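# Coordinate analysis (summary)
Chain residues, written in single-letter form:
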Amino acid sequence: MTTAAQPLSALRILCRTTAAVALLALTPAAATMAQVMPTQDSAPLAPRAGDPAWARADALVRQMTLDEKISYLHGLFPPMTKTVAADMIPSAGYVPGVPRLKIPTLRQSDASLGVANQVEQRKGDVATALPSGLALASTFEPDLAYRGGAMIGAEARAKTFNVLLAGGVNLTRDPWAGRNFEYLGEDPLLAGEMAGAQIRGVQSNNIVSTIKHLALNAQETGRHVMDAQIDEADLRESDLLAFQIAIEKSHPASVMCAYNKVNGDWACQNDHLLNRVLKRDWNYPGWVMSDWGAVHSTTKAALAGLDQQSGQELDTQIFFGDDLKAAVAKGEVSQARVDDMVRRILHGVITSGLMDNPISTIAQPIDYAAHAQVAQAVAERGSVLLKNDGNLLPLARTARKIVLIGAHADVGVISGGGSSQVRSVGGAPVEIPLNGGEAASFVRVTWHASSPLEAIRAAAPNAQVIYVDGKDPVAAAAAARDADVAIVFAWHWQTEAQDAPSIALPENQDALIEAVSAANKNAIVVLETGGPVLMPWLDRVGAVLQAWYPGQRGGQAIARLLFGEVNPSGRLSMTFPKTAEQAPRASAPGFAEQAAIDDARRAGQKAGPIKGFPVTYVEGAAVGYRWYAQQKLQPLYPFGYGLSYTRFDYANLKVEDGDGLKVSFDVTNTGKVAGADTPQLYVTAGARRPMLRLAGFQKVDLAPGETRRVTLEVEPRLLADYNVAKPGWTIAAGTYPLYVGRHAGDTALTGKAQLRSWSRKP
Ligand code: BGC
C-alpha cells in the first residue's frame, strides 16, 4: 500500500461529515468528557464452548501482531481515502486483510436493494435493482426476501465484494421518515422475519451481511445528533425485538450501530445497547461495525462494545488506529479487549463461510436476466391494490384508448435515494441532482429504466396508448377526457439523509389527479411512493395501486397487475394515515431547523450543523397499527390491508392454548380466479399496557374454490411484556382476546386464548 491522492468522487463528503462537524461544535470540556468517560471494560465473552469458529478465530488472533490487529479494526472510505490499495474500487468500504494468515480483505458494498453504486461512482457498473424494502415487506413472503438476498449476494460476490451492508430492520415509526423505503415496515415480527430471510439469502453466498442500524435510527433529520428517548421495555418490545428475531433467524456476521444517540449516548458508544443487550443478553458472537461517520471516541467506544470503525475518513479522526494503540499502551483499553474485537470480526468471517470460500479478485459474469425475475416477482407480489370500485381493474384488453399521465411513466419508475441506490441494469433514464439539503452531496433523484408505457402497450396491442407528462393538469384532463381509462402515475420521492417535508404528494399532483378524475370516470392512480401518502382525491378515483418504488422491472410488473396477468396480493407493511396528525408525530422533529440551515446555505451564507435535540418516542412499543388501535384512530388504510381480484373467506377457528399458542383456521378462495391471501393473527396482550400485536401470518396461494387449513404457532415474546427489573420476558396467566383477519382492523374470526404464565431470559 502506498499513500497518494485518490481522485475524489467525494460526493458523499458534505453530508457524511455532519457528525464530525457536530462533534467539533461541542465545548472542549464536553468533547474531552466524551472521550474519557469510564465505562466498564466489555469483558471478552467467555470462550464459547463448542463453537469451533470461536476457537479458530482465537487461534488466528494469537498469531497476529498488535499492528495487524489494529489494522483490521478500522476501515477506509474509498471515495475519500488517501490510502491507495491496488485492488480497491469505489464503494462503501475497504479493510485490508492479513495475507500471511489468509485473513481476507473486507470489501464492503451497500446492498439494501441490490449492489449499490451511488451517483455511478463505478462508471458503467450496473446491478439488479429490487423494489423498495417496504414493497418486499408487503409481500409477507420471507421466501422472496431470501431470494432477493441470495440474488444480491451473488451479484456482490461476482463484483468482488464480500461484506454487504444489508439487513436494514429499523421499524418505520413515522410516515415521513426518509429511509422508510429501505426498511421492512412497522411490525417487529414482519420486519424481523423478512430481514432474517434476506440476511440468510445474502450469507448463502459465503459472504458477510450486516443487520442495521442498531437502534432507533427512525428519522433522518439531525440523524447524527438527535437523541432517541424511549423506555427500555418499549424498545425491547419493538425495534429491538425486530433485531432479535432477525439475528436469531439469520446469524448475521456483523451488526451496524446507528448514527443517533439512544437514551443519551451515541449508538456506537452505547454500553447498554452494544454490551448489555447485544453481546450479553443476546449472546451475539459477531462484530459491531460503526455506521459511516458514527464514531465519536476511542476508549469509550471500544469499551462500550464497538469492534470496528467503518469509513474512517468520515469521522473527525481515525479513532481505532494509532489512537487505539495508544489507549492500549496506556492501559485504557485492555489487550484482551482488542483481541476480542478482532476475534469477533474473524468469527463472522468464518461463520459466514467467507474464510473458506474467498472471493475472486476478478469480476465474474452475472445472469442479469435471471436476476431480473426476482425483482419482478417482488414488485408483483408486493404491490398493494388499495381500491377497486366496480371492478375497474383488471383492465380489459379491449380498451381502445388508454392515457398514461405523469411520473415519467414513458421511460421508467422512480427509486429512493441514498446509500442504497442501485445503478440498475437498464440505466437511469431520468436523473435529477438536488439543489442543497443534507442528501445533495451523494444523491440524485433516479429513475430505473422500466417503462410502464411500453409494458402497457405490449399488454394492449390493439389500443391506442398515449403518455402525457402531467405538468399541466388542464392538458392532462383534456387528453384523458375521451379515453377508456386514464392512469395517473404519482410519485413521492424519499431519500436517506432527509425526511420528507410532508406526506402529501408534491408538485401539484393532487390537483392533477383531481383534474383527471373530473374528466374521466375511469381514473386509476398508480402510486410510486416511499411510504404512505395522503389521498384527498380518493373518493373521485376508481382504483388505486400502491406500487411503492417497484425496482427495475416495475413497469412490467405494474402492467401485469393492471391487466390481471398477476392477481395483486401485497398487503400494507405500514399503516396509511388519514391525516398527518393521526401519526405520533405529524412531521420530523428538527425539520424546521434543518430547513433554515439548508436555506441559508443555498443563499450562500455560512450555517453550522443542526444542534442536538431529543426525540421522545411517545408511542413507545405501540408503533404503527398498535398506535392506531391504542388511540382508537381509524387510518386511511390499515396495516396488512390489500385487495385482490378474488375473495377469501375464513372459517373454523381453532385455538390451542395453555403453554403456548397455536391457532388454526380455513382460508377459502371464494372467487373465480386464482390468488394469494395473507391471513393475519392479532392478539391483544400485555400486562404493562394492553397492546394489539401481530402474532402470525402466512401467505397462501389458492386456486378458485380451494380451501387450505393454516396453522400459526405464536412466538411467545410477541405476546409478552419485557420486564426490566427481572430482567426478561413474561406473560401473565390470563385470557387474551385474539382475531384472525385480512388486516389490523378486520376481526373476521374472533377467539380467546387462555395462557399460563411464562417467562424467559432477555
Ligand atoms: C448509511 C448506512 C450505509 C453506510 C455506508 C451510511 O450513511 O447510514 O446504511 O451502509 O452509509 O454507505
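Overview of the structure.

Basis of the calculations
- Residues numbered from 1 in each chain as written.
- Predicted model: local features only at pLDDT ≥ 70, side-chain atom pairs only at ≥ 80, totals over all residues.
- Heavy atoms only, no water.
- Axes fitted to C-alpha atoms, helices over the stretch in contact; angles between N-to-C directions.
- Helix = DSSP H or I, 4+ residues; strand = E, 2+ residues; numbered from the N terminus.
- Parallel < 35°, antiparallel > 145°, perpendicular 65-115°, else oblique.
- Left-handed = near helix turned anticlockwise from the far one by under 90°.
- Contact = heavy atoms within 4.5 Å.
- Nonpolar A, V, L, I, M, F, W, Y, C, P; charged D, E, K, R; others polar.
- Near = heavy atom within 4 Å.
- Polar contact = N/O pair within 3.5 Å; in protein donor to acceptor, adjacent residues only side chain to side chain.
- Areas by Shrake-Rupley, 256 points an atom, 1.4 Å probe, with all protein chains shown as cover.
- Buried < 20%, exposed > 50% of the residue type's maximum accessible area, 1.4 Å probe, protein only.
- Pairing = 2+ DSSP bridges.
- Phe/Tyr/Trp six-rings, centres within 6.5 Å; stacked < 30°, edge-to-face > 60°.
- Lys NZ or Arg CZ within 6 Å of the ring centre and 35° of its normal.
- Disulfide = S-S within 2.5 Å.
- Expected span 1.5 Å × (residues − 1).
- Arc of directions from axis to C-beta.

As a further point, take the packing of helix α4 (residues 52-63) against helix α14 (residues 335-351). What describes two packed helices is the angle between their axes and the distance between those same axes. Remark: α4 packs on α14, axes separated minimally by 8 Å, with the N-to-C direction vectors making an angle of 130°. Judged by the inter-axis angle, α4 sits oblique to α14. Like other packed secondary-structure pairs, α4 and α14 cross with a definite hand, here right-handed. For the pair α4 and α14, contact is made by Ala53, Trp54, Arg56, Ala57, Asp58, Leu60 and Val61 and by Asp339, Asp340, Val342, Arg343, Arg344, Leu346, His347, Ile350 and Thr351, respectively. Tallied by class, residues from the contact of α4 with α14 come to 8 nonpolar, 2 polar and 6 charged.

Surrounding the ligand, one finds 15 residues, the nearest of these being Asp110, Arg179, His213, Tyr259 and Asp291. Between the ligand and the protein, one listed contact pairs an oxygen atom with a side-chain N or O atom of Tyr259 at 2.7 Å. Separating an oxygen atom of the ligand from a side-chain N or O atom of Glu496 is a distance of 2.9 Å. Protein chains shield 100% of the accessible area of the ligand, which is 310 Å² for the free molecule. Each residue belonging to the shell around the ligand can be placed in one class, and the counts come to 5 nonpolar, 2 polar and 8 charged.

Turning our attention to the side chain of Glu237. Note that Glu237 resides in the loop between α9 (232-236) and α10 (239-250). A polar side-chain atom of Glu237 sits 3.2 Å from a polar atom in the side chain of Arg688.

In terms of burial, strand β4 (residues 106-110) is largely enclosed, as 5 of its 5 residues are buried. Across 3 bridges, strand β3 (residues 93-95) lies against β4 in antiparallel orientation. Among the inter-strand pairings, Tyr94 is bridged to a residue of β4, identified as Arg107.

By convention here, two paired aromatic rings are described through the distance between centres and the angle between planes. Evaluated as defined, the whole model comprises 10 aromatic pairs. Through a chain of ring-to-ring contacts, three or more aromatic side chains come together here, namely Phe140, Tyr625, Phe639, Tyr682, Phe697 and Tyr739. Above the face of the Tyr617 ring, Arg173 is positioned so that its terminal group lies 5.2 Å from the ring centre. Here the guanidinium or amino end of Arg742 rests over the ring plane of Tyr650, the centre of that ring lying 4.7 Å away.

For the coordinates displayed, the defined rule picks out 1 disulfide. Each disulfide pairs two cysteine sulfurs, and for Cys257 the partner residue is Cys268, the sulfurs being separated by 2.1 Å. On the S-S bond that ties Cys257 to Cys268, the torsion sits near 110°, and the link is right-handed. Here Cys268 lies in the loop between β10 (265-266) and α11 (271-281) and Cys257 lies in strand β8 (residues 254-257), a separation of 11 residues in the sequence. The two residues Cys257 and Cys268 agree in class, both being buried.

Attention shifts here to α4. Between the first and last C-alpha of α4 there are 17 Å, a value that for 12 residues agrees with the 16 Å anticipated at 1.5 Å per step. Taken together, the buried positions of α4 are occupied by Ala53, Trp54, Ala57, Asp58, Leu60 and Val61. Take α4 and look down its axis: the buried residues cluster within an arc of 165°, on one side only. Opposite the packed face of α4, turned more than 90 degrees from it, sit the exposed residues Pro52 and Arg62. The N-capping residue of α4, defined by a side-chain oxygen 3.0 Å from the backbone nitrogen of Ala53, is Asp51.

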